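Examining the three-dimensional arrangement
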Amino acid sequence: MKRAFYFLCFIFNFSFFLCGCSVRPYHSDTRLIMGTVFDIIAQDEEAIKKAFREIERIDSLMSDYKPDSEISRLNRDGRVKASPETIVVFRAAKKIYNLSGGAFDVTVGPLVKLWNIKANMAKDASLVKLPTEEKIKQALSCVSSDFIEIDEKNRIIKLKKRGVSVDLGAIARGYAVDRAIKTLKKCGVRNALVNAGGETYCLGAKGFLAPWRVGIKAPRNDNTANIFTLKNKAVSTSGGYEQFFVYNNKRYARIIDPRTGHPVDNGVISVTVVTDNGLTADALSTAIFVLGKEKGGQFARRFKNVRVRIITR
Ligand code: AMP
Ligand code: MG
């Protein structure tokens, strides 16, 4: 009995010793890509470098700033021979467009340009001018993902109408996070955290009995609104509180309702979605933001493994 007890103690101590030996320090690196700050935390520096290379590759395909990206060529020429990665994102975008009744729509490009939230944010409030209803109507005539045709077999994406312009701002970062995680896993990494602004993926755990914990910032102050303890999950937050401009005491957020042509104004301040991958989390958080608390909540219930937190005014 006594011997059995010592044997158990030995096993316990030996495994503890092994765990202690295998603890490698975490490294973290930060880069500005896709207009946002990407952070990667993992125990393998080489793997982190490779993951950043992958994020940069995704950006070079999907950026609407880089003139040679597949998206810029599509917007310019109305058609492009796309990479398998871009096809994956378009397929998902079209699916969420259909399921959300058009609330999520990557053809918001003309409206994003018209409302020009980024430029207006930088301006003095007295210099901000809102677009006319006429211009909004004009832009709206080019907004519908029904204008996107995906030829999966030949990997050709076409825009069926002149003036249609794609903006993957609501989905590409989540996908880039997934690709970074995939790269880390290929390098043998089992525990890591990838964060890109409002998009995060938690792979494995930080340590023995130490899960990854992600805090979501409260919309109106620097407090934490929620803390999620996550393992092999993505979390995405869409909010109207970080990028907006004010005109006549009213806030105009960067997420636009493609059904009205106006920035969303439905009382929702932020939407956080937790699910299995970054691409879905990113697209759903934007879609639910547009749909609002009630319809967005109903919409979310149609998906398996999706948790949602909606903060309203
Ligand atoms: P997110 O932060 O993921 O919610 O994405 C916001 C970005 O997505 C905006 O800056 C626009 O570039 C784009 N966007 C705005 N409204 C929509 C919409 N209704 N559907 C899809 N993308 C949108
Ligand atoms: Mg999004």
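In short, a report on the structure.

Rules of the game
- Residues numbered from 1 in each chain as written.
- Chains lettered and ligands numbered in written order.
- Predicted model: local features only at pLDDT ≥ 70, side-chain atom pairs only at ≥ 80, totals over all residues.
- Heavy atoms only, no water.
- Helix = DSSP H or I, 4+ residues; strand = E, 2+ residues; numbered from the N terminus.
- Buried < 20%, exposed > 50% of the residue type's maximum accessible area, 1.4 Å probe, protein only.
- Contact = heavy atoms within 4.5 Å.
- Areas by Shrake-Rupley, 256 points an atom, 1.4 Å probe, with all protein chains shown as cover.
- Lys, Arg positive; Asp, Glu negative; His and termini not counted.
- Charge placed at Lys NZ, Arg CZ, Asp CG, Glu CD.
- Near = heavy atom within 4 Å.
- Polar contact = N/O pair within 3.5 Å; in protein donor to acceptor, adjacent residues only side chain to side chain.
- Nonpolar A, V, L, I, M, F, W, Y, C, P; charged D, E, K, R; others polar.
- Salt bridge = Lys/Arg side-chain N within 4 Å of Asp/Glu carboxyl O.
- Pairing = 2+ DSSP bridges.
- Phe/Tyr/Trp six-rings, centres within 6.5 Å; stacked < 30°, edge-to-face > 60°.
- Axes fitted to C-alpha atoms, helices over the stretch in contact; angles between N-to-C directions.
- Left-handed = near helix turned anticlockwise from the far one by under 90°.

Digging into the overall build of the protein chain
Assigned secondary structure in the protein chain consists of 10 helices and 16 strands. Seen through its C-alpha atoms, the protein chain measures out along the principal axes to roughly 85 × 45 × 40 Å. Expressed as a percentage of the 313 residues in the protein chain, the buried residues total 48%. Look at the contacts in the protein chain between residues 6 or more apart in sequence, and 62% of them connect residues 24 or more apart. Carbon together with sulfur atoms contributes 53% to the accessible area of the protein chain, which is approximately 16,900 Å² in total. Computed over 52 positive and 31 negative side-chain charges, the inter-centroid distance for the protein chain is 5 Å.

What to know about the site of ligand 1
Around ligand 1 sit 17 residues in total, of which Asp-167, Ser-238, Arg-254, Ile-256 and Thr-286 are the nearest. Backbone polar atom of Ile-256 to a nitrogen atom of ligand 1: 2.8 Å apart, as the coordinates give it. Between ligand 1 and the protein, one listed contact pairs an oxygen atom with a side-chain N or O atom of Asp-282 at 2.9 Å. The fraction of the free accessible surface of ligand 1 (510 Å²) that becomes covered by protein chains is 95%. Sorting elements by how many residues they give to the shell around ligand 1 places helix α9 (residues 278-291) first, with three residues. By residue class, the composition of the shell around ligand 1 is nine nonpolar, three polar and five charged.

Quick look at the pattern of salt bridges
Tallied over the full model, the rule gives 12 salt bridges. In this structure, Glu-54 and Arg-179 form a salt bridge, with 2.8 Å as the shortest nitrogen-oxygen distance. Taken together, the positions of Glu-54 in helix α2 (residues 45-62) and Arg-179 in helix α8 (residues 172-186) put the pair 125 residues apart, joining distant regions of the chain. In this pair, the class of Glu-54 matches that of Arg-179, namely buried. Because the salt bridges share partners, they merge into one network encompassing Glu-54, Arg-57, Glu-85 and Arg-179.

A short note on the side chain of Asp-59
Among the structural elements, Asp-59 can be located in helix α2. For Asp-59, a relative accessible area of 8% corresponds to the buried category. Excluding its chain neighbours within four sequence positions, the residues that come into contact with Asp-59 are Ile-33, Met-34 and Lys-66.

As for the pairing of strand β11 (residues 244-247)
Sheet topology places β11 next to strand β12 (residues 250-253); four bridges connect them, and they run antiparallel. Paired with Phe-244 across the bridge in β12 is Ala-253. In this structure, the hairpin formed by β11 and β12 is closed by a connection of two residues, where Asn-248 is found at a positive phi of approximately 50°.

Describing the packing of aromatic side chains
Enumeration over the complete set of coordinates arrives at three aromatic pairs. Here Trp-115 and Tyr-252 contribute two aromatic rings whose centre-to-centre distance is 5.7 Å and whose plane-to-plane angle is 20°, an arrangement assigned as stacked. Of this pair, Trp-115 sits in helix α5 (residues 109-115) while Tyr-252 is found in strand β12, placing the two residues 137 residues apart along the sequence. Tyr-252 matches Trp-115 in its accessibility class, with the two residues each being buried.

A closer look at the packing of α2 against α8
Close contact between α2 and α8 brings their axes to 8 Å; oriented N to C, the two are set at 145°. Seen from above, α2 lies across α8 with right-handed handedness. Counted together, Ala-47, Ile-48, Lys-50, Ala-51, Glu-54, Ile-55, Arg-57, Ile-58 and Met-62 of α2 and Ala-172, Tyr-175, Ala-176, Arg-179, Ala-180, Thr-183 and Leu-184 of α8 form the full contact between these two elements. Looking at side-chain class alone, the contact of α2 with α8 contains 11 nonpolar, one polar and four charged residues.

Bear in mind that shape data such as this cannot, by itself, settle questions of function.
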